[in-house]
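Fold and contact review
Each chain, letter by letter, is given below.
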Amino acid sequence: MILPIRTVLCSAYGCLVIYSGLLVFGLMCLVWSGAAALACYPLSKERGRVVGRRVTSYGFRCYLWLLALTGVFRFDLRALDALRDAGPLIIAPNHPSLLDAVMVLSRLPDVACVMKAELINNPIYGASARLAGYIRNDEFIGGVTEAVKDLRAGGQLLLFPEGTRTTRRPVNPLKGGAPLVSKRSGVPIQTVLIETSSPFLSKGWPLHRIPAVPVSYRVRLGRRFMPRDNLRETIAELEAYLASELGRGKGMDPAGEPLARPQNARLEER
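This report concerns the structure included in the present document. Everything numeric here is computed off the predicted structure, so don't read it as measured data. (Residues numbered from 1 in each chain as written. Predicted model: local features only at pLDDT ≥ 70, side-chain atom pairs only at ≥ 80, totals over all residues. Heavy atoms only, no water.)

Let's talk about the packing of helix H2 (residues 45–69) against helix H3 (residues 100–107)
Taken N-terminus to C-terminus, the directions of H2 and H3 make an angle of 115°; their axes are 7 Å apart at the nearest point. Viewed along their axes, H2 and H3 form a crossing whose handedness is left-handed. On H3, the residues touching Ser57, Phe60, Arg61, Tyr63 and Leu64 of H2 are Val102, Met103, Leu105, Ser106 and Arg107. (Axes fitted to C-alpha atoms, helices over the stretch in contact; angles between N-to-C directions. Helix = DSSP H or I, 4+ residues; strand = E, 2+ residues; numbered from the N terminus. Left-handed = near helix turned anticlockwise from the far one by under 90°. Contact = heavy atoms within 4.5 Å.)

Here's what the structure looks like:
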């Protein structure tokens, strides 16, 4: 069967954008990591965190803008802007793809990100992550104190409650990191719902596989959970809420429109 020329050209263009985009992202991270390694000497730890987080946020925003300019990717991240001046929060999104942290950090310039230890040790990302004061995961035992300290200083924390990218739709069983930090810091958990039209860059997605394009992403704010003493109850309620909200719709079409528009989520716990 001979494919239509338009289909072949679209596939080739999508392939070019995706692979060149991955290359550009790697080069951007490598260049900034080298600059961050030098910047850590003249800058104080506090000033380094401010500069590191803002440069990372701006760089990610430029990167997503470039991707959107190609037409292969579409992003609707406007809902995150409401959190920029919202004060200390534990931002807890679901985790469908590798782009999730990039999307959140691109809109929020004062966020400490909880990262896997191997990423902070990675030469491509490590120096910039350390300059920005991002927190090593390490099963999150050693990072709880650092996360609480950052929140009490007025910052925000990005923590994926699943602990890894989603493998069981609509959401994996949740870890206890976010509820534990919330309990110790007295800071609420703001859920963030990330919806996409494609499983591109999900757990197990092979890099040689080109998705149907355009690939669309939409972010909306979910319910805000206040700190509680009972961690198991918080985990169970948080997981049930995310599963309900993410499972309510039927996904997105390639234009980025929800196939079944979900109801507006509550921002405050009642």
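Topic: the environment of Ile124
Positionally, Ile124 belongs in the loop between helix H4 (117–120) and helix H5 (126–131). Each C-alpha atom of the pair Ile124 and Gly26 lies 7.2 Å from the other, and the pair is 98 residues apart in sequence. If we skip the residues at most four places from it in the chain, Ile124 touches Gly26, Cys29, Leu30 and Ser33.

Examining the pattern of salt bridges
Close approach of charged atoms allows side chains with opposite charge to pair. Under the defined criterion, the tally for this structure stands at twelve salt bridges. Put simply, Arg53 and Asp110 hold a salt bridge, and the shortest N to O gap is 3.5 Å. Taken as a pair, Arg53 in helix H2 and Asp110 in the loop between H3 and strand E3 (111–115) lie far apart in primary sequence, 57 residues in all. The buried category is assigned to Arg53, whose relative accessible area is 4%. Arg220 is the salt-bridge partner of Glu245, the closest N and O atoms lying 3.1 Å from each other. (Salt bridge = Lys/Arg side-chain N within 4 Å of Asp/Glu carboxyl O. Buried < 20%, exposed > 50% of the residue type's maximum accessible area, 1.4 Å probe, protein only.)

Examining H3
The element H3 is extensively covered by neighbouring structure, given that eight of its eight residues are classed as buried. Among all positions of H3, only Asp100, Ala101, Val102, Met103, Val104, Leu105, Ser106 and Arg107 are buried.

Considering unusual backbone geometry
Cis geometry marks the peptide bond from Arg169 to Pro170, where omega comes out at 0°. The topology assignment puts Pro170 in the loop between strand E5 (156–158) and helix H7 (177–185).

Here we look at helix H6 (residues 143–152)
Of all the residues in H6, the buried ones are Gly143, Val144, Ala147, Val148, Asp150 and Leu151. All buried residues of H6 project into a common sector of 160° when viewed along the axis, lining one side. Of the residues in H6, the exposed ones pointing more than 90 degrees away from the buried face are Thr145, Lys149 and Arg152. Where H6 is buried, its residues touch H2, strand E2 (90–93), E3, strand E4 (135–136), E5 and H7. Gly154 lies just past H6 and shows a positive phi near 105°. (Arc of directions from axis to C-beta.)

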